[in-house]
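# Architecture at a glance
Chain residues, written in single-letter form:
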Amino acid sequence: MSISQSVQMAASLEEYVLKALHSVTEGPGGLDIVSSGQVFDVVATGGAVRVLLDTDHIPDGTEEMLAEVITPFVEALPGVDRVVVKPRPRSIAMRESLPGITHVIGVHSGKGGVGKSTVAVNLAVALAQQGISVGLLDADVYGPSCPTLLGITGRVETTDDGEKIAPMNRHGVSLMSLGLLLPEGQALIWRGSLVDQGLPQLLTDVDWGRLDLLLVDLPPGTSDVHLAVARHASLSGVVTVTSPGQVSIDDVRRGMEMFADLQIPCLGLVQNMAGVACQKCGEVGALFGVDGGGDLAVEIGVPVLASLPFVPELAIQSDLGEPLVISRLGSAASRVFHELAGRLATGLCIGERKEVLS
Ligand code: ADP
């Protein structure tokens, strides 16, 4: 299933469930639960449906009773596999869009070390090569590695008028990273108020210009950084990177739950280090589990956007600050990144893409 198909299917199921909930009248004054504002929204990921309640509009002490009424009602609707009824997260109401930027997409993983930043950087460069104006915000505040992966050194400066920070540019990608603000070698632990105050500035105090797409390299797992990004940028969706092993998959599931609660759709999975290619014959053998990402994608009804084996060259080139899509354009791995970029751009209907020989 393509991104646009899965997004369309989810949207029509959401609409259908919301319409059906109009026939449940548990509201004050005999109103139905949608018209009375008790149901804030419905979010579907595949057949899994979340009904988000607005606790400001629910009479005290009736939330549990309401969940008991809604759950069997929605479960009985065609196309619905699972139902969760929850209060809506507070952050949603405060979400802002970033002027001049068409789509903001998070790149996320359940665990560290699965290749999330490597995928984010090569995807960004592949998109730029296809003629899409793209920015990359390195929000992995616990280990900002995008400057290294793009071969960028130095520190950012302000724009000529001194009003904003000018992002750095390499291979057609505008980059902003915490790593470009701090003195070299200095580590800073981002917590609580620092995240709340500093992160929005990385989004809004940067002169991004006009972008088709801003990719945000998020930290692994679930954290206040994710909530801060969701609060200050209207994310069109997330791309989730996982290795095929079970531990990574379990962490991914937790991340999915968080994004579903935030009403941010998962656009699909990238399965990284899915096997290892034999250096002699090219045959791909198993590495970390077999196809955990594929199984999860089927379970939650999202597409596998790309599957990339362990490619020793990718690790070597990354350490040298040369994205593989630049240094090995034409290699099998480079083609995977270009297919991923093409799928994402087509799914989001952005840019006038040009064909790239990869
Ligand atoms: P994360 O952002 O998830 O913590 P990184 O992108 O920093 O992970 O990647 C972790 C390490 O794995 C890096 O050394 C990187 O070069 C390497 N790596 C990532 N993907 C691959 C791959 N498909 N083949 C070989 N090495 C990879």
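Structure's up top.
The structure contained in this document is the topic of the report that follows.

Rules used throughout
- Starting afresh in each chain, residues are numbered from 1 along the sequence in its written order.
- In keeping with the model being predicted, local features are shown solely for residues with a pLDDT of at least 70 and side-chain atom pairs are shown and tallied solely at 80 or more, while totals for entire chains, interfaces and linings include all residues.
- Side-chain measures were taken over the full set of non-hydrogen atoms in the model, leaving aside hydrogen atoms and water.
- For helices the rule is a DSSP run of H or I covering at least 4 residues; for strands it is a run of E covering at least 2, with both sets numbered from the N terminus onward.
- Should any heavy atoms of two residues lie within 4.5 Å, those residues are considered in contact.
- Note that accessible areas follow from Shrake-Rupley with a 1.4 Å probe, and for residues the cover is restricted to the protein chains shown.
- To obtain each axis, a line is fitted to C-alpha atoms, and for helices this fit is confined to the stretch in contact; angles are then taken between N-to-C directions over 0 to 180 degrees.
- For classification purposes, angles smaller than 35 degrees are called roughly parallel, those larger than 145 roughly antiparallel, those between 65 and 115 roughly perpendicular, and all remaining angles oblique.
- For any helix crossing, the convention is left-handed if the near helix is rotated counterclockwise from the far helix by under a right angle, and right-handed if that rotation is clockwise.
- Amino acid classes used here: Ala, Val, Leu, Ile, Met, Phe, Trp, Tyr, Cys and Pro are nonpolar; Asp, Glu, Lys and Arg are charged; the rest, including Gly, are polar.
- To sort residues, take the accessible area from a 1.4 Å probe on protein chains only and compare it with the maximum for the residue type: under 20% means buried, over 50% means exposed, and anything in between is partly exposed.
- Whether a residue is near a molecule or strand is decided by its heavy atoms; if any one of them lies within 4 Å of it, the residue is near.
- Two N or O atoms form a polar contact when they lie within 3.5 Å of each other; inside protein one atom must be a possible hydrogen donor and the other a possible acceptor, and for residues adjacent in sequence the pair counts only when both atoms belong to side chains.

In this section: the overall build of the chain. Scanning the chain for helices and strands turns up eleven helices and 14 strands. Pairs at least 24 residues apart make up 73% of the contacts formed inside the chain by residues separated by at least 6 positions. A total of about 15800 Å² of accessible surface is found on the chain, and carbon and sulfur atoms cover 53% of it.

What follows covers the packing of helix α3 (residues 116-129) against helix α11 (residues 332-348). How two helices sit against one another is set out by the angle between their axes and by the gap between those axes. Closest axis-to-axis distance for the α3/α11 pair is 8 Å, and the angle between their directions is 70°. In terms of their interaxial angle, α3 and α11 are classed as roughly perpendicular. As for how α3 packs across α11, the hand of that crossing is right-handed. Listed contacts from α11 to Val 119, Asn 122, Leu 123, Ala 126, Leu 127 and Gln 129 of α3 are Phe 337, His 338, Leu 340, Ala 341, Leu 344 and Ala 345. Class assignment for the residues of the contact of α3 with α11 results in nine nonpolar, three polar and no charged.

Turning next to the environment of Val 225. Positionally, Val 225 belongs in helix α6 (residues 224-232). Looking at Val 225, the relative accessible area reads 0%, which means it is buried. Sequence-distant contacts of Val 225, that is, excluding residues within four places in its chain, are made with Ala 139, Val 141, Tyr 142, Val 195, Leu 199 and Pro 219.

Moving on, we come to the site of the ligand. Among the 16 residues in the neighbourhood of the ligand, the closest are listed as Gly 113, Lys 116, Ser 117, Thr 118 and Val 311. A distance of 2.9 Å is found between an oxygen atom of the ligand and a backbone nitrogen or oxygen belonging to Lys 116. Within the residue set of the shell around the ligand, elements represented by two or more residues are α3, β12 (266-277), β14 (304-310) and α9 (312-319).

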